Amino acid sequence: TVQSEKKVYLLLNKPKDYITTMDDPEERKTVMELIRKACKERLYPVGRLDRNTTGVLLFTNDGDLARKLTHPSSNILKIYEVKLDKNLKINDLQKIIDGIYIDGHKINVDEISYIEDKPHNYVGISIHSGQYHIVKRIFESLGYKVLILDRTMFGPLTKKNVPRGTWRYLTDSEVRLLMNL
């Protein structure tokens, strides 16, 4: 009889300057280095975060769940904290709320707002779209440069109590929540 390996699920609070790949021929730092000692099973990142993007990144060896979470039809909610090169003008904030056209497609955000007690170059944005670099492209289309992009939430999961560069295993209830999305 063939025994399948145990399913493992973990969440990393990804730091800046790590790339989301299994290995890198250019020998840059990869997220795999950060979770190397997590388990004996071979884990894979669920989706990607850019080298300079920080925050919630999931890993698993459960291919079915990984495919489900990354497929566009799953419409997984993602929340980001964004720092821009200049204050976001109120009329540009309204344009984003109304929907921005990028490459001929209307991009709708679920919510966007200034972050309380921070200058107006800090905004929170929640979005279901999984398009490539979509958050950066939204702001760039209006003439802003994204200086910091931090994914604070992926579906029901947050990076709360997970210091940058560290990871934790998902609880059974978190795994069930992901499977039921």
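This one's a predicted model, so the numbers in the text were calculated from it and none came from an experiment.

**Let's talk about the nonpolar core**
(1) Moving on: Val82, Ile125, Val135, Ile138 and Phe139 are the most contacted members of the largest nonpolar core, which totals 22 residues.
(2) Moving on: Those elements that place two or more of their residues in this core are β4 (78–84), α3 (90–98), β5 (100–102), β8 (122–127), α4 (134–140) and β9 (146–154).
(3) Moving on: If you tally residues by element for this core, the top one is α4, at four residues.
(4) Moving on: Setting aside anything within four residues of it in sequence, one finds Ile125 in contact with Lys78, Ile79, Tyr80, Val82, Val109, Glu111, Ile112, Val135, Ile138 and Phe139.
(5) Moving on: If you look at the next biggest cluster of nonpolar residues, it comprises 15 residues, including Leu65, Ala66, Phe154 and Val162.

**Comments concerning the layout of surface pockets**
(1) Moving on: Taken as a whole, the largest pocket spans an internal volume of roughly 770 Å³.
(2) Moving on: Residue lining of the largest pocket: 33 residues in total, with Arg48, Gly130, Gln131, Tyr132 and Arg151 positioned closest to the centre.
(3) Moving on: Taken together, the elements giving at least two residues each to the lining of the largest pocket come down to α2 (63–70), β4, α4 and β9.
(4) Moving on: Partitioned by chemical class, the residues of the lining of the largest pocket number 13 nonpolar, 13 polar and seven charged.

**Considering the side chain of Ser126**
(1) Moving on: Mapping Ser126 onto the fold places it in strand β8.
(2) Moving on: Take Ser126: its relative accessible area is 9%, and that puts it in the buried class.

**Re empty space enclosed by the protein**
(1) Moving on: Evaluated as defined, the whole model comprises one cavity of 30 Å³ or more.
(2) Moving on: Space inside the largest cavity adds up to approximately 40 Å³.
(3) Moving on: Every residue along the wall of the largest cavity is listed here: Tyr9, Leu10, Val46, Leu58, Phe59, Thr60, Leu65, Leu69, Leu170 and Leu178.
(4) Moving on: At the level of secondary structure, the elements contributing two or more residues to the lining of the largest cavity comprise β1 (9–14), β3 (53–60) and α2.
(5) Moving on: No other element matches the three residues that β3 contributes to the lining of the largest cavity.
(6) Moving on: Residue composition of the lining of the largest cavity, grouped by class: nine nonpolar, one polar and no charged.

Cut-offs applied
Residues numbered from 1 in each chain as written. Predicted model: local features only at pLDDT ≥ 70, side-chain atom pairs only at ≥ 80, totals over all residues. Heavy atoms only, no water. Core = buried A, V, L, I, M, F, W, Y, C linked by side-chain atoms within 4.5 Å. Buried < 20%, exposed > 50% of the residue type's maximum accessible area, 1.4 Å probe, protein only. Helix = DSSP H or I, 4+ residues; strand = E, 2+ residues; numbered from the N terminus. Contact = heavy atoms within 4.5 Å. 1 Å grid on protein atoms, 1.4 Å probe; cavity = no way out; pocket = protein on both sides within 12 Å on 5 of 7 lines; lining within 4 Å. Points joined across faces, edges and corners; volume = space filled by probe spheres on them. Nonpolar A, V, L, I, M, F, W, Y, C, P; charged D, E, K, R; others polar.

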